[in-house]
Every structure is written in structure tokens, then in C-alpha cells.
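These are the residues of each chain, in order.
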Amino acid sequence: MSDAYPAAGVRPGDVGMTTSDRRASAPRNAATPSSRPAESVVDLRSDTVTRPTAAMRAAMAAADVGDDVFGDDPSVNALQERIAALLGKEAALFVTSGTQGNLVAVMSHCARGDEYLVGQSAHTYRYEAGGAAVLGSVQPQPIEHQADGTLALDAIAAAIKPDDSHFACTRLLCLENTLGGKVMSLRYLEDATALARSRGLATHLDGARLFNAAVALGGDPFEQAQAIAAPFDSVSVCFSKGLGAPVGSALVGSRELIGRAHRLRKMLGGGLRQAGILAAAASHALDHHVARLADDHALAARLAEGLQGLDGLTVDPPQTNMVFVSVDSAYAPGLALHLKEHGVLVTGLDRLRFVTHLDVDAAGIDRAIAAVRAAMTA
Ligand SMILES: Cc1ncc(COP(=O)(O)O)c(C=O)c1O
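Keep in mind that this is a model prediction, so the values were computed, not measured. (Residues numbered from 1 in each chain as written. Predicted model: local features only at pLDDT ≥ 70, side-chain atom pairs only at ≥ 80, totals over all residues.)

## Observations regarding the overall build of the chain
When its secondary structure is counted, the chain shows 15 helices and 12 strands. A total of 378 residues make up the chain; the buried ones form 51% of that total. (Helix = DSSP H or I, 4+ residues; strand = E, 2+ residues; numbered from the N terminus. Buried ≥ 20, exposed ≤ 12 C-beta atoms within 10 Å, placed from the backbone.)

Here it is, written out as C-alpha cells:
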């Protein structure tokens, strides 16, 4: 299941916030100008709902900037050099979003009429509006996930097309980590990319939540992030999810690949001017918000534990910051609506997704647990 949406056909608006809800939402960090009490809404729809902290806003305000289309923005250049080095690649490109990073990656690896292999529930296939096909003329070949979120090696091998004029040319394997909050082992990433390479395919990782995966592996999160990225030709990583920046992602890879991606970013309207204001937020996030992802993971575990043992609910044990809960038909979709009425926002209807992040704390999680328990035992 994608990190973006918890269930097929469920859009954020299904159980999402109204504009006035959004105004009412006051995060834990004291940085925001919101005047509402912090308890008003516990927003667990996504880790994208965070607002920049006071320190992050200060870093943005102080950022040295220039015109990045001329390559003149020192804050963007510094971020690009830093994230490339952190992930062990030659070069990086600051892009507006995870979607743009994945799209320029697919289009940099593939030409018109080529094909990429991708998970059926991967963001790069399912939740990016068909951009690779529409804008890149690159055909996706989706593959079913295994229970742990991986794509079976024999399924990958079987999906690679022979060199035959009937078929699109299979050029690229795209993986996602974390996927639906699940962490892939380094061993699996090495095996899957080795298989792809042995068949002449390039490899791309959608690492929107790469640092969540790195933290979950234990040890030094930056070393683990580099280990996760190592076997891939390109990796996209988001600053605007668990890392808490308002905007921005990076694509890393070889200098040659990033050169192609740079032209494509411009073509897609992603050439920004004084983008250093945004890059400064991302750099601040790398300085201050990586190790603390462990707190989000601990809160997800606290939530899962608090929801255990309720008739009508099946709770998947979380590996990172997402808790998926299947709701018996007798209770769905009423449960999500009940939660919304009680100031707890989640996505999904019969399979709810709760996501922990920088702007939620233990008290918020306990409120969410209490709201679910009240609904299920009423
Ligand atoms: C796994 C994954 N990849 C990519 C994206 C796209 O990121 P953006 O919303 O910045 O385009 C998301 C968004 O939630 C995601 O969950």
C-alpha cells in the first residue's frame, strides 16, 4: 500500500479536513502563528501536514539566495552537494516535490517507448497521475507486492520483456522504501538491484521516507541512508514528509543522470529562482529532524499498542511511522467519521491509516487511542 493513500479509491478528501479544520489545527511546535489550542485537532492523516518550526523559519529567513536557474543560489547548491555526499552519489538536484523527483528520474532513465517495472501500490505507479506515461511516454509494468511490500525476484525477472518488436523495452526497476511504512532489508535491495543490473536495467528508489527506513534499521541513520541508496542508480528523497520541511525533495545520482534530470526539471516547470529559502528548510531538517524520526516511530508503536485487543479492529504492527488498522464492516466507515468528529483525522474507511510526525505528541496519540476505544466500545 502506498504511503500516500491507504486504500484503493480513497482520496484524502474522503475523511479529510475542511478549510476551517485546517485553520483549527495547531501543531505541537510553537513556531506557528496559529492561535488555536494545540489540542484542537490531532492530524494523523500524513507526515506531510507538519508546519515549519520556529528554528526552521529562522533558517529560511536567514538563507543566502540567488537565481537557481542560473545556478547562483548558494543555499540550493550547498543542499545539493550535501545530500549527494550523504547518499554517496556524484550529484543531486533540488526538485519541487517527490512526484517531480520520481518523474524526472523515470524520464532521465527511459526514452519514449521504454518501460519501467514498479510495484502495483507504489507511488511512482499508482499515485502520480500517470505522469511517466502521460509526459514521458514511458509505460509502467506493475508487479504485485509480497506481504512485506517487496517485489518477488522471480516476478521482476518474469516481467522483463524479451528483445522483440512486440514489446516495450524494459529499462528501469523502481522500488519504494519505506512502502506503506514498511522497511526493506538491505539484502533485498541489493538482490533486487543486482538482478535488474544483470538484465541491463537501471534502478531508481523512491525514498520519500528513506530516512524513516534508515532510522528503523538502527545505528547511524546517515550511514544507513547511504547503505540503502548505495545499490541504486538514482534515489529521490523528500524533505517535506517526516523531515518537516514545507516544500522540496532531491534526486541524487551520477553527474550525467542529474544533468539530464536538470533539463527535464526545467521542461516540467520546476526551475525555481530564489529557491534557497526552501533549501534552507531542507538543510535545517537534515541537521535537526533525522534522528528524531525515532520519536515518531515510538509514537506509532504506542498507538498500535493502545489499539490492540479491540473487537472489530485488526492492527498491523508498525515498522516506522504508519499504523494501518483494518476495520470490520460493522464499524466502517463510521469509525473514521466518528474520529473526525472527535478531532482526530486519519485517512481510509475500512482500512485506516494513522501517521505520526513532528507535530504530534504522546498526548495526541493518547487522545486518538481514547477516541477509537470510545467508538468501538460504545
Ligand atoms: C512514497 C511516496 N513517494 C512520493 C510521494 C510524492 O511526494 P509529493 O507529494 O512531494 O509529490 C509521496 C507522497 O506522499 C509518497 O508517499
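After that view, the rundown keeps rolling.
## So, the sheet that holds strand 2 (residues 91-95)
Taking strand neighbours across the sheet as the criterion, the 7 strands line up as 2-8-7-6-5-3-4 in an open arrangement whose pairing is mixed. On the outer flanks of this sheet lie strand 2 and strand 4 (139-143), each paired with one strand and no other. Mean inter-strand twist for the sheet, computed between neighbouring axes without regard to direction, equals 20°. Both strand 7 (residues 234-238) and strand 8 (residues 249-253) contribute to a ladder of 4 bridges, which runs antiparallel. Counterpart to Cys238 in the pairing with strand 8 is Ser249. Contacts from helix 11 (residues 255-267) reach strand 2, strand 7 and strand 8 within the one sheet, and its direction differs from that of strand 2 by about 20°. (Pairing = 2+ DSSP bridges. Axes fitted to C-alpha atoms, helices over the stretch in contact; angles between N-to-C directions. Contact = placed C-beta atoms within 7 Å.)

## Topic: the nonpolar core
Formed by 76 residues in total, the largest nonpolar core has its most connected members in Leu251 and Ala281. When residues of this core are assigned to their parent elements, the largest contribution, 7 residues, is made by helix 12 (residues 276-288). If near-sequence neighbours (up to four positions away) are discounted, Leu251 is found in contact with Ala92, Leu93, Val95, Gly101, Val104, Ala105, Ser234, Ser236, Ile258 and Ala261. Among the nonpolar cores identified, the runner-up in size contains 29 residues, and Leu299, Leu345, Val355 and Ala375 belong to it. (Core = buried A, V, L, I, M, F, W, Y, C linked by C-beta atoms within 7 Å.)

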